[in-house]
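Letter by letter, the chains look like this.
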Amino acid sequence: MARQPSALRAREMLALLPTLRRGATIRLADLAAALGSTHDHVVELLEDLVFCGVPPFSPDTLIDLDIQADSVTVNSEPPALSRPLRLTRAELRAVLAALETAGVDPEDPLVQKLTEAAGSAGAVDALASTLRAQPEIGAAETYALLADAIETSRKVRLSYWSLGDDPRGRQRVVQPHALVNRTGVWYLTAFCESAGAVRTFRLDRIREATVLDEGFPPPADPQTAVVPDTAGLP
């Protein structure tokens, strides 16, 4: 049988780690069922894990397992789990962006724990001016609000952040036309009354959004392109 890709194998090994607590004896059949795999494959993963650890990779920093025919006994706490989680700046930005896109509130305990895990309370503040940090509403809620405004042809007041703007964003009133997804990112195409032209807005940069009572005539052919037209450029 061909050996599976290393990335997939690594993910499976990482999935096993939280179950390997010191002193535990675990049936291999249970691990196989939890992983959705076979007895023999789990044995292969465990045999690889005993060569894993943390620097300097001495015997006391490796994962110590006693693998039997139908069970595995964990002789010591896996060293990778004994250290507190420390996120890099890039990792923190990626996780916080994902949580925000999912609509998780900035005050949610999970977000606070991630901030603590990053090792610096100022990390989130530093991101505020360069990333969509701590918006008033999440992207999921923004989508629902804008979708309703498009359906009912009502104007929306946005607080929208662009590069170089105040972190709180800039106020503008728009006539929402369409919601467009491009490479996993949601955009709103709308007529911006401040600019006097159709503009594109990323949902994850919208700080606040309020549907107004004032309506507008919907366009017959709303723009759905989010890439600028370069036909007229030299």
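Above: the structure in question.
In this report, the structure presented in the accompanying data block is examined. (Residues numbered from 1 in each chain as written. Predicted model: local features only at pLDDT ≥ 70, side-chain atom pairs only at ≥ 80, totals over all residues. Heavy atoms only, no water.)

**So, the sheet that holds strand β1 (residues 25–27)**
Defined as follows: Between any two strands, at least two bridges found by DSSP are needed for them to pair. Counting from the N terminus, the helices are DSSP H or I runs at least four residues long and the strands are E runs at least two residues long. In this description, a line fitted to the C-alpha atoms serves as the axis of each element, helices being fitted only across the stretch in contact, and the angle between N-to-C directions of two axes falls anywhere from 0 to 180 degrees. In what follows, a contact means two residues having at least one pair of non-hydrogen atoms within 4.5 Å.
The strand order across the open sheet formed by three strands is β1-β3-β2, and the pairing between neighbours is antiparallel. Since the sheet does not close on itself, it has two edges, and those belong to β1 and β2 (65–67), each with one partner. Within the sheet, the average angular offset between the axes of one strand and its neighbour, ignoring direction, is 20°. Sheet topology places β2 next to strand β3 (residues 71–74); three bridges connect them, and they run antiparallel. From the neighbouring strand, L65 faces β3, where its bridge partner is V74. The strands touched by helix α2 (residues 28–35) within the sheet are β1 and β3, with β1 carrying the most contacts at an inclination of about 65°.

**A word on the packing of aromatic side chains**
Using the following cut-off: Between rings of Phe, Tyr and Trp, where Trp is taken as its six-membered ring, a pair exists when centres lie within 6.5 Å; planes separated by under 30 degrees are stacked, by over 60 edge-to-face, and by other angles tilted. Exposure categories follow from relative accessible area, calculated using a 1.4 Å probe and restricted to protein chains: below 20% of the type maximum is buried, above 50% is exposed, and the middle band is partly exposed.
Enumeration according to the criterion identifies two aromatic pairs in this entry. Between the aromatic rings of Y160 and F201, the centroid separation amounts to 5.0 Å while the plane-to-plane angle is 85°, which identifies the pairing as edge-to-face. Of this pair, Y160 sits in strand β4 (residues 154–160) while F201 sits in strand β7 (residues 197–202); the two residues are 41 residues apart in sequence, bridging distant segments of the chain. Residue Y160 is classed as buried on the basis of its relative accessible area, which comes to 6%.

**Comments concerning the environment of Q175**
Here is the rule we go by: Polar contacts, as counted here, are pairs of nitrogen or oxygen atoms within 3.5 Å of one another; within protein the pair requires one atom able to donate a hydrogen and one able to accept it, and residues that are adjacent in sequence qualify only if both atoms are side-chain atoms.
You can see Q175 is positioned in strand β5 (residues 170–182). Judged by its relative accessible area of 14%, Q175 is buried. With 14 residues separating them in the primary sequence, Q175 and T189 have C-alpha atoms 8.7 Å apart. Beyond its immediate sequence surroundings of up to four residues, Q175 is in contact with K155, A190, F191, E193 and F216. In terms of polar contacts, Q175 uses its side chain to reach the side chain of E193, at 3.3 Å.

**Regarding the pairing of β4**
Most of β4 sits out of view: five of its seven residues are buried. Across six bridges, β4 lies against strand β8 (residues 206–215) in antiparallel orientation. For V156, the partnering residue across the bridge sits in β8 and is V211. Where β4 and β5 come together, five bridges link them in antiparallel fashion. Counterpart to L158 in the pairing with β5 is R172.

**Here we look at the pattern of salt bridges**
Threshold: In the sections that follow, a salt bridge refers to a side-chain nitrogen of Lys or Arg positioned within 4 Å of a carboxyl oxygen of Asp or Glu.
Evaluation of the coordinates by the stated rule reveals five salt bridges. Residue D148 pairs with R154 through a salt bridge whose shortest N-O separation is 2.8 Å. With relative accessibility at 38%, the residue D148 sits in the partly exposed group. Note on R154: relative accessible area 25%, which makes it partly exposed. For D204, the salt bridge goes to R202, with nearest N and O atoms at 2.7 Å. Through salt bridges that share partners, K155, E193 and E214 make up one connected network.

**So, the environment of G215**
Relative to the assigned elements, G215 resides in strand β8. Owing to a relative accessible area of 40%, G215 belongs among the partly exposed residues under this scheme. In this structure, the C-alpha to C-alpha distance between G215 and A149, residues 66 residues apart in sequence, is 9.1 Å. When neighbours within four sequence positions are excluded, G215 is seen to be in contact with S153, R154 and K155.

**Some words on α2**
Definition in use: Here the arc refers to the directions that run from the helix axis out to each C-beta atom.
Burial in α2 covers these residues: L28, L31 and A32. Considered in projection along α2, the buried side chains sweep an arc of 100° and stay on one side of the axis. Along α2, the residues that are exposed and aim more than 90 degrees away from the buried face are A33 and A34.

**A look at the sheet that holds β4**
The strand order β7-β6-β5-β4-β8 describes an open sheet built from five strands, whose pairing is antiparallel. Edge positions in the sheet fall to β7 and β8, since each has one partner strand and no second. On average, each strand axis in the sheet is tilted by 45° relative to the strand beside it, whichever way the strands run. Across six bridges, strand β6 (residues 185–192) lies against β7 in antiparallel orientation. Residue pairing in the sheet places T189 in a bridge with T200 of β7.

Fair warning: the whole summary comes from geometry, so function is off the table for now.
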